[in-house]
Structure formats: C-alpha cells, structure tokens
Amino acid sequence: MSPGKNGFEVGVGPVRWTQDALKDPVVAGAKARTAVAHWHGDTYTPVPGATLLASTDRYTQQAFRLGRSYGFQFHLELTAKELGRWLELGAEDLSTRGKDLEELKAQLPKLKAAEAENTQLLQRLAHELAKGLRAP
C-alpha cells in the first residue's frame, strides 16, 4: 500500500469488474459495474501472480484474487446506513479534505439500491473462503 497519486476516494461509486472477475466464482453473476462504498486515499502495485478483478476511474487496482485469497480496496461490506454513520463521524475530516458532506450523503441511495447485490457477493465470498478452509 502507498498513498495514491489520484487523491482521496470517498463516497459511493461504481467499480468496474474485469472480464476475469465476471468469470470468478465470487463475482460471477454481478453486473459489470457495482455501486460500492469508498473511503481511501491509498493504492497498491499489482500483486505478482494475482488476477485483477475491479477498477475505478480513479484507481486501477481495486480488487484482486491470488489463489483462494481476495483483496478489496473498497468497502463491499458497508450498507448505506453504515456509510452514512461513517460520513457523520468523519464530517470534520471530510470538510478539511474539501469534501461536501451533503453531496456525499446524496449518494447513499445508490448504495442502498446495490445492497442486495453486494450482500450476494459477500455471501459468495464467504462460501469460497469456507471451501478453502475445508480443502486438504
């Protein structure tokens, strides 16, 4: 991980799943673009041997798979309600960074609309990880 040159990515925005991701056991069945929660200013260099799964306009490296391990830069686990709570708790920091709290809150319905799909992705991820625990 290192500070990203493209700045702080916060709020609700789409990730674009790669063609490899759309064939992945966790991501398969998802729409080509999924609304997710972002709250980071970091990025990472491509992991050797890993398959890139998702990108955004701001950062290419957003998700990867290496063997049975997955890495996500965004917050697939956050609901609109929880991200709203994060926004309230981080309001002062967000303001310092030049972010408009009301503008960020206005994005929450997009995340709410994606919650069922994101929950399914998380369930498939848990299933894949559990399979790995059972493997010899």
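Draft legend 1. Seen up close, the overall build of the chain. Across its full length, the chain carries four helices and seven strands. Going from N to C terminus, the chain has its helices and strands arranged as β-β-β-β-β-β-β-α-α-α-α. A globule of 136 residues ought to have a C-alpha radius of gyration of about 14 Å, and the chain, at 15 Å, matches this closely. Along the longest, intermediate and shortest principal axes, the C-alpha atoms of the chain span 50 × 30 × 25 Å. Of all 136 residues assigned to the chain, the portion counted as buried reaches 41%. Put simply, 63% of the contacts in the chain that link residues at least 6 apart link residues at least 24 apart. Here the chain has roughly 7800 Å² of accessible surface; of this, 54% comes from carbon and sulfur atoms. Treating the 18 positive side-chain charges of the chain as one cloud and the 16 negative ones as another, the clouds have centres 7 Å apart.

Basis of the calculations
Residues numbered from 1 in each chain as written. Predicted model: local features only at pLDDT ≥ 70, side-chain atom pairs only at ≥ 80, totals over all residues. Heavy atoms only, no water. Helix = DSSP H or I, 4+ residues; strand = E, 2+ residues; numbered from the N terminus. Rg over C-alpha atoms; globule rule 2.2 N^0.38 Å. Buried < 20%, exposed > 50% of the residue type's maximum accessible area, 1.4 Å probe, protein only. Contact = heavy atoms within 4.5 Å. Areas by Shrake-Rupley, 256 points an atom, 1.4 Å probe, with all protein chains shown as cover. Lys, Arg positive; Asp, Glu negative; His and termini not counted. Charge placed at Lys NZ, Arg CZ, Asp CG, Glu CD.

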